[in-house]
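# Structure assessment
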Amino acid sequence: MAKSKMGIVLNGIFKENPVLVLLLGLCPTLGTSSSAINGMSMGLATTAVLVFSNILISVFKKVIPDKVRIPAFIMIIASLVTIVQMLMEAYTPDIYKVLGLYIPLIVVNCIVLGRAESFASKNSIIDSMFDGIGSGLGFTLALTVLGMIREFLGAGSLFDIAITPEKWHALIFILPPGGFLTIAFVIAFQNYLKQKKEV
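So, how was this worked out
- Residues numbered from 1 in each chain as written.
- Predicted model: local features only at pLDDT ≥ 70, side-chain atom pairs only at ≥ 80, totals over all residues.
- Heavy atoms only, no water.
- 1 Å grid on protein atoms, 1.4 Å probe; cavity = no way out; pocket = protein on both sides within 12 Å on 5 of 7 lines; lining within 4 Å.
- Points joined across faces, edges and corners; volume = space filled by probe spheres on them.
- Helix = DSSP H or I, 4+ residues; strand = E, 2+ residues; numbered from the N terminus.

We now examine the layout of surface pockets. By volume, the largest pocket amounts to about 200 Å³. Looking at the largest pocket, the residues that line it are Ile-13, Phe-14, Lys-15, Asn-17, Leu-20, Val-21, Leu-141, Val-186, Phe-189, Gln-190 and Lys-194. Counting only elements with at least two residues in the lining of the largest pocket, the list comes to α1 (3-15) and α8 (176-198). With 4 residues, the single largest contributor to the lining of the largest pocket is α8.

Here we come to empty space enclosed by the protein. Summed over all chains, the structure comprises 1 cavity of 30 Å³ or more. Each pocket or cavity is described by its volume, and for the largest cavity that value is around 40 Å³. What lines the largest cavity is Ile-8, Asn-11, Gly-12, Glu-16, Leu-22, Arg-115, Asp-131 and Ser-135. At the level of secondary structure, the elements contributing two or more residues to the lining of the largest cavity comprise α1 and α7 (125-155). Among the elements that take part in the lining of the largest cavity, α1 stands out by supplying 3 residues, more than any other.

Dropping the structure here:
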């Protein structure tokens, strides 16, 4: 892989992380990150849609008229989300039942449409693919880390493996307010590290 391609991927993971830097896609982030498995599964589903939508939009960018650009992008994304939803329902029914409504909401996830509009519609197919991989991995990483923290503090487990006794569990962390608290502390910690690095 060329260095520039790696730079595109790393940009999506760190410098322009959709959740922890750009603060995009917070609805599925807070809704599905109550456990590490749920967060990782949602992240991987979104990554698949991101990669293939970026590729297809880059392929058809010269054919799609400018006036119907956004509706065309949404049609491509919606088709891919339907495929991902059907595959998850067929092969991972337990995860599909938990994520439920959040899978179809990938269609209107501003991360996917944002990358399609700002990158895939203006760049080559290969660069668009790597951009989708980078943004998708950044999203997956953020959801998995948030899920691990919330699951450990709220249920005393990691990836459904029990670690601490029930008396140490803080139920609030696997409830919606815990999602807000966790993401706030993770972003604050990240900003602290950035400031420390700059000094």
